[in-house]
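# Topology and contacts: notes
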Amino acid sequence: GMRMGVEQLVQLGHRKIGMVAWQDDATASYYRRAGFAQAMNEFGLSVSEDLITYGFNEEAYGRRSFYQLYNLPEDKRPTAIICSSDLEAIGVMNAAEEHGVVVGKDLSVIGFDDVPMSQYLRPSLTTLRQPIQEVADLLVSMLQTRIKNKPIKERQHLLPPELVVRSSTGPAPDS
């Protein structure tokens, strides 16, 4: 999913891309950080630790992350930020607005999960939609298999998210 987000930003001309990451060692946080780094390298962009913040899945953490990234020297400041969750992205967007930064024009923001409110924000949030229905279907199927005392053939499934482009992303301001 992070690769899809980075690719979208690169196609829009962004070269300085920040990431709001989770600091825990959960599988999802590991894969999201690794996917970000892999995509950045794939597109020939450096992964600067200055452009990655680590915290929790909270709106307040997204706010703090915006200020941490925005307070970098102008030549190092990201023109786009990809977040590990929509909640963090909402915090980034709120802090940007409070600081007079126009999301979608001055700064592109991408979230992850596509929580229902994402489409109703102003600007609406570009995000990576989780395939929740497919996950639910797989879980029910696995549960039914276990109830019947049959072995589960595949215990782990990695389902790709879908990039949902909305108005929180736009061309890089310097492109």
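For clarity, every value in this text was computed on a predicted model and none was experimentally measured. (Residues numbered from 1 in each chain as written. Predicted model: local features only at pLDDT ≥ 70, side-chain atom pairs only at ≥ 80, totals over all residues. Heavy atoms only, no water.)

With their axes 6 Å apart at the nearest point, helix H3 (residues 59-70) and helix H4 (residues 86-98) run at an angle of 50° to one another. Here H4 runs oblique to H3, going by the angle between their axes. Along this stretch, H3 crosses H4, giving a crossing that reads as right-handed. The segment H3 lies against H4, with Glu59, Tyr61, Gly62, Arg63, Phe66 and Tyr67 engaging Leu87, Glu88, Ile90, Gly91, Val92, Asn94, Ala95, Ala96 and Glu98. A per-class count over the contact of H3 with H4 returns eight nonpolar, three polar and four charged. (Axes fitted to C-alpha atoms, helices over the stretch in contact; angles between N-to-C directions. Helix = DSSP H or I, 4+ residues; strand = E, 2+ residues; numbered from the N terminus. Parallel < 35°, antiparallel > 145°, perpendicular 65-115°, else oblique. Left-handed = near helix turned anticlockwise from the far one by under 90°. Contact = heavy atoms within 4.5 Å. Nonpolar A, V, L, I, M, F, W, Y, C, P; charged D, E, K, R; others polar.)

Once that is clear, we can look at helix H5 (residues 132-147). With 16 residues, H5 ought to run about 22 Å at 1.5 Å a step, and its terminal C-alpha atoms sit 22 Å apart, in line with that. Directly beyond the C-terminal end of H5, a positive phi value near 55° is found at Asn149. (Expected span 1.5 Å × (residues − 1).)

Here we come to the nonpolar core. One finds Phe66, Ile81, Val92, Leu107 and Val109 to be the most contacted residues of the largest nonpolar core, which totals 20 residues. Those elements giving two or more residues to this core turn out to be H3, strand S3 (80-83) and H4. Per-element tally for this core: the top contributor is H4, with six residues. Contact partners of Val109, with chain neighbours within four places excluded, come to Ile81, Ala89, Val92, Met93, Val103, Leu125, Thr126, Ser168 and Thr169. Residues Ile17, Ala39, Met40 and Leu128 belong to the second largest nonpolar core, which totals 17 residues. (Core = buried A, V, L, I, M, F, W, Y, C linked by side-chain atoms within 4.5 Å. Buried < 20%, exposed > 50% of the residue type's maximum accessible area, 1.4 Å probe, protein only.)

This brings us to the layout of surface pockets. There is about 850 Å³ of room inside the largest pocket. As for the largest pocket, its lining consists of 27 residues, of which Tyr31, Gln130, His157, Leu158 and Leu159 are closest to the centre. When residues of the lining of the largest pocket are traced back to their parent elements, those giving at least two are helix H1 (2-11), helix H2 (27-42) and H5. At nine residues, the largest contribution of residues to the lining of the largest pocket is made by H2. Tallied by class, residues from the lining of the largest pocket come to 16 nonpolar, seven polar and four charged. Of the volumes computed, that of the second largest pocket is approximately 290 Å³. The wall of the second largest pocket is formed by 15 residues, among which Tyr70, Arg77, Pro78, Thr79 and Asp106 lie closest to the centre. For the lining of the second largest pocket, the element with the most residues is H3, which contributes three residues. Considering only residue class, the lining of the second largest pocket consists of eight nonpolar, two polar and five charged. (1 Å grid on protein atoms, 1.4 Å probe; cavity = no way out; pocket = protein on both sides within 12 Å on 5 of 7 lines; lining within 4 Å. Points joined across faces, edges and corners; volume = space filled by probe spheres on them.)

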